[in-house]
Amino acid sequence: MTTSIDERLSKRAFCHKILNGTAIGVIVSLLPNSMFSVLFSLGFLANNSFFATWNTVNLLFQCALSAVIGTLVALEFDFKGMKAAMMVAVAFVSSGAASRLGGAAEILAQLQSKQAPQEVIAAASKLTSGFYTSGTGDIINVMLMCALTALVLFWLEGKFASFNFVLLPVIGTLLGTLGMTLLPYVKVISTTIGQVIMTFTEMQPYLMSVFICVTFAIMIVAPLSTVAIGLAIGLNGLSAGAAAMGVGTTCIVLVVHMFFVNKPGVTTAVALGSMKMMMPNIFEKPIAYLPIISTAIVTGLLVPLFGVVGTPASAGFGLVGLTGLFASVTGGLSLANAVLVWLILPITVALVLRFVWEKWLKCYTADIFRFAE
């Protein structure tokens, strides 16, 4: 059944469609690498050409996140044909996942000044004129530009119909230009959060761990990349352990609450790392943050108590691929203590606090964690 323009433009429905498209896009693009990144790094698989290619495809799927989000948001609004293609293109261009290689022009200039071989200069020239793809891009900017593109398409509906084949591509490139212009300013959001997190690292260990754990627990169900922020600010040691614990805690809290109100596949997807699929639920029912934050406060204390450490690469992953757990074991934690601190204690705390908030104080019901497929 076709959705009316009025329904699509109601504030609540509009935001839900953007968030839902984004959440499902995250599953499609990020789940494969989340599931297999650690497994494919093992020597006997890393040296196998088939699995190496599969690993590369998983990484490229991540780079395609913005285009996948654009496609799914377009479907949420019933856009088809050129309108859907325009949404996809604007989302991809605005993400920043594809960009010029920084410093390539300087490398070319140095090679030319040193009269390097012509084939080397030719290769460097290609670097200056081409684009490279890396990471997922900025999800906030993708969502913003998808929303703006949808509004523009609604406004154009019924107007200039005979010129659509010419008009839509031109408007799409203008929106893409706006997206690229806004990108550095939107990235300031992530940069500012990173700077705030860095101030936490100057606190005494227990306070630092709680603040970082809670921050990453919040971010993993928000349109922010915990992995990118963890790498960008170079979290290490206890601070990286606290960040990973925050991500892992949110995963456990969601699974504990979702288990009986969702299909097994939905809960499994979250358990494997697709926590962002719950963004629409958090947006509509912010009370869902109550068990997440309260559990993260407790699990944050476990980090300095057990000496849970990590690396910049493990900080944003949490339990995804058991990355945080393995990093803490590599950092000196025994396997038995790692299982205790990463799984047994967080699950116990999550279950106890669910009873307190849901059953005893009746602050919410588990239905707020029901995923709308």
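About the criteria used
- Residues numbered from 1 in each chain as written.
- Predicted model: local features only at pLDDT ≥ 70, side-chain atom pairs only at ≥ 80, totals over all residues.
- Heavy atoms only, no water.
- Helix = DSSP H or I, 4+ residues; strand = E, 2+ residues; numbered from the N terminus.
- Rg over C-alpha atoms; globule rule 2.2 N^0.38 Å.
- Buried < 20%, exposed > 50% of the residue type's maximum accessible area, 1.4 Å probe, protein only.
- Polar contact = N/O pair within 3.5 Å; in protein donor to acceptor, adjacent residues only side chain to side chain.
- Contact = heavy atoms within 4.5 Å.
- pLDDT = per-residue confidence, 0-100.
- Expected span 1.5 Å × (residues − 1).
- Salt bridge = Lys/Arg side-chain N within 4 Å of Asp/Glu carboxyl O.
- Axes fitted to C-alpha atoms, helices over the stretch in contact; angles between N-to-C directions.
- Parallel < 35°, antiparallel > 145°, perpendicular 65-115°, else oblique.
- Left-handed = near helix turned anticlockwise from the far one by under 90°.
- Nonpolar A, V, L, I, M, F, W, Y, C, P; charged D, E, K, R; others polar.
- Phe/Tyr/Trp six-rings, centres within 6.5 Å; stacked < 30°, edge-to-face > 60°.

Draft legend 1. A look at the overall build of the protein chain. Within the protein chain one finds 18 helices and two strands. Relative to the globule expectation of 21 Å for 373 residues, the C-alpha radius of gyration of the protein chain, 22 Å, shows essentially globular dimensions. Dimensions along the principal axes, computed over C-alpha positions, put the protein chain at roughly 65 × 60 × 40 Å. The 373 residues of the protein chain split such that 45% are buried.

Draft legend 2. Region of the structure containing the side chain of Asn281. Locating Asn281 in the fold gives a position in helix H15 (residues 279–284). A polar contact is formed between the side chain of Asn281 and the backbone oxygen of Arg370, at a distance of 2.8 Å. In contact with Asn281, not counting residues within four places along its chain, are Ile368, Phe369, Arg370 and Phe371.

Draft legend 3. Main features of the confidence of the model for the protein chain. Predicted confidence across the protein chain gives a mean pLDDT of 86, with 92% of residues reaching 70 or more. Confidence, expressed as mean pLDDT per element, reaches its minimum in the protein chain at helix H1 (residues 5–9) with 55 and its maximum at helix H16 (residues 289–306) with 96.

Draft legend 4. Highlighting H16. End to end, H16 covers 26 Å across 18 residues, agreeing with the expected 26 Å (1.5 Å per residue, within 8%). Taken residue by residue, H16 has Tyr289, Pro291, Ile292, Ser294, Thr295, Ala296, Thr299, Gly300, Leu302, Val303 and Pro304 as its buried positions. Its buried side turned inward, H16 meets helix H11 (205–219), helix H13 (237–258), H15 and helix H18 (335–360). Positive backbone phi, at 70°, marks Gly307, one or two positions downstream of H16.

Draft legend 5. Layout of the pattern of salt bridges. If you walk through the whole model with that rule in mind, you get four salt bridges. As a salt-bridge pair, Lys83 and Glu157 come within 3.9 Å of each other at their nearest N and O atoms. One end of the pair, Lys83, is in helix H6 (residues 81–95); the other, Glu157, is in the loop between helix H9 (139–156) and helix H10 (164–200), and 74 residues separate them in sequence. Residue Glu157 is classed as partly exposed on the basis of its relative accessible area, which comes to 28%. The network of salt bridges with shared partners includes Arg354, Glu358 and Lys359.

Draft legend 6. Layout of unusual backbone geometry. Phi is positive for Asp78, which is not a glycine, with a value near 65°. Tracing the chain through its elements places Asp78 in the loop between helix H5 (65–76) and H6. You can call Asp78 partly exposed: its relative accessible area is 26%. In this structure, Lys362 is a non-glycine residue whose phi angle is positive, near 55°. Along the chain, the position of Lys362 falls in the segment after H18.

Draft legend 7. How the structure looks around the environment of Cys363. As for its position among the elements, Cys363 is in the segment after H18. According to the relative accessible area criterion, Cys363 is partly exposed, its value standing at 34%. Along the sequence, Cys363 and Phe211 sit 152 residues apart, while their C-alpha atoms lie 24 Å from each other. Among all residues touching Cys363, those that are not within four sequence positions of it are Ile287, Leu290 and Trp357.

Draft legend 8. A look at the packing of H9 against H10. Contact pair H9 / H10: the axes reach a minimum separation of 9 Å and the direction vectors enclose 150°. Classed by the angle they form, the pair H9 and H10 counts as roughly antiparallel. Judged by the twist between their axes, the crossing of H9 over H10 is right-handed. Contacts between H9 and H10 pair Ile140, Asn141, Leu144, Met145, Leu148, Thr149, Val152, Leu153 and Leu156 from the former with Leu167, Leu168, Ile171, Leu175, Leu178, Gly179, Leu182, Leu183, Val186 and Ile189 from the latter. Counted by class, the contact of H9 with H10 contains 16 nonpolar, three polar and no charged residues.

Draft legend 9. Region of interest: the packing of aromatic side chains. Inspection of every chain in the model, using the stated rule, returns ten aromatic pairs. Ring geometry for Phe50 and Phe51: centres 5.3 Å apart, planes at 80°, overall edge-to-face. An aromatic cluster is built from Phe14, Phe77, Phe79 and Phe154, whose rings are joined through pairwise contacts.

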